[in-house]
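Take a look at the letters that make up each chain.
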Amino acid sequence: MSYFAHDPDAGPIDYSVDFTSWLSAGDTVSSAVWSSTPTGLTLSSPTLVTPLATTNVDGGTLGEVYRLTCRATSVDGVVDDRSIILRCVQL
């Protein structure tokens, strides 16, 4: 799990998860779905260039801590969740 300071006033910022270490030989990520808890972030423009999944994050509330989760499914049908923790601070 990765931890980042996120400035909610800085505009949209890309965050990525690399699934290389999770994939078995010859397997690739076929889909990646992003979510955040609690609500309050705007997630947009998700991209998948296997093994890297990326989403664009905007907004948030100062002082709040958010968990971004990316759920990846591989071509072999294996599912894995990876999370990024964002603490909203003025940078």
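Here is a short report on the structure shown in this document. (Residues numbered from 1 in each chain as written. Predicted model: local features only at pLDDT ≥ 70, side-chain atom pairs only at ≥ 80, totals over all residues. Heavy atoms only, no water.)

## What about the overall build of the protein?
Cut-off, in case you're wondering: The helix count covers DSSP runs of H or I at least four residues long, the strand count covers runs of E at least two residues long, and both are numbered beginning at the N terminus. C-alpha atoms define the radius of gyration in this analysis, and the globule rule sets the expected value at 2.2 Å times the number of residues to the power 0.38. Only protein chains enter the accessibility calculation, which uses a 1.4 Å probe; a residue is then buried when its area is under 20% of its type maximum, exposed when over 50%, and partly exposed in between. The contact rule is simple, with two residues in contact once any of their heavy atoms fall within 4.5 Å. Each accessible area is a Shrake-Rupley result for a 1.4 Å probe, and residues are judged covered by the shown protein chains and nothing else.
Regarding its fold elements, the protein presents 0 helices and 7 strands. Starting at the N terminus and walking to the C terminus, you meet the elements of the protein as β-β-β-β-β-β-β. In terms of overall size, the protein behaves like a compact globule, its C-alpha atoms giving a radius of gyration of 14 Å where 91 residues would be expected to give roughly 12 Å. On the principal axes, the C-alpha backbone points of the protein span a range of 45 × 20 × 20 Å. A buried classification covers 36% of the 91 residues belonging to the protein. Considering only contacts in the protein between residues 6 or more positions apart, those separated by 24 or more positions represent 63%. Split by element, the accessible area of the protein, about 5,000 Å² in all, is 53% carbon and sulfur.

## Here's the deal with the sheet that holds strand S6 (residues 65–74)
Condition: Two strands are counted as paired when DSSP detects at least two bridges linking them. Here, axes are lines fitted to C-alpha atoms. For helices the fit covers the stretch in contact, and angles between N-to-C directions go from 0 to 180 degrees.
Strands sit in the order S1-S7-S6-S3 across an open sheet of 4 strands; the sheet is mixed. Single-partner strands in this sheet number two, and they are strand S1 (2–6) and strand S3 (29–37). With strand direction ignored, the average angle separating the axes of adjacent strands in the sheet is 25 degrees. Inspection of the sheet shows S3 paired to S6 by 8 bridges, in the antiparallel sense. In the strand pairing of S6, Ala32 is matched with Ala72.

## Quick word on the pairing of strand S7 (residues 79–88)
Relative to S7, S1 runs parallel, the two being bridged by 5 bridges. The residue bridging Tyr3 from the neighbouring strand is Ile85, located in S7. Two elements, S6 and S7, share 9 bridges in a ladder whose sense is antiparallel. Bridge assignment links Thr73 to a residue of S7, and that residue is Val79. The turn joining S6 and S7, which pair antiparallel and follow one another in sequence, is formed by 4 residues; a positive phi near 90 degrees is taken by Gly77.

## Remarks on the sheet that holds strand S5 (residues 52–59)
The strand order S2-S5-S4 describes an open sheet built from 3 strands, whose pairing is antiparallel. The sheet is open, and its two edges are formed by strand S2 (13–18) and strand S4 (41–49), each paired on a single side. In this sheet, adjacent strand axes meet at a mean angle of 25 degrees when their direction is disregarded. With 7 bridges connecting them, S4 and S5 associate as antiparallel partners. Bridge assignment links Leu41 to a residue of S5, and that residue is Gly59.

## Remarks on the packing of aromatic side chains
Worth spelling out the cut-off: Working definition: a ring pair exists when centres of Phe, Tyr or Trp rings (six-membered ring for Trp) sit within 6.5 Å. Plane angles under 30 degrees give stacked, over 60 give edge-to-face, the rest tilted.
Scanning all chains against the criterion turns up 2 aromatic pairs. Measuring from ring centre to ring centre gives 5.6 Å for Phe19 and Trp22, while their planes differ by 65 degrees; the resulting arrangement is edge-to-face. Summarising the burial analysis for this pair, Phe19 and Trp22 share the class buried.

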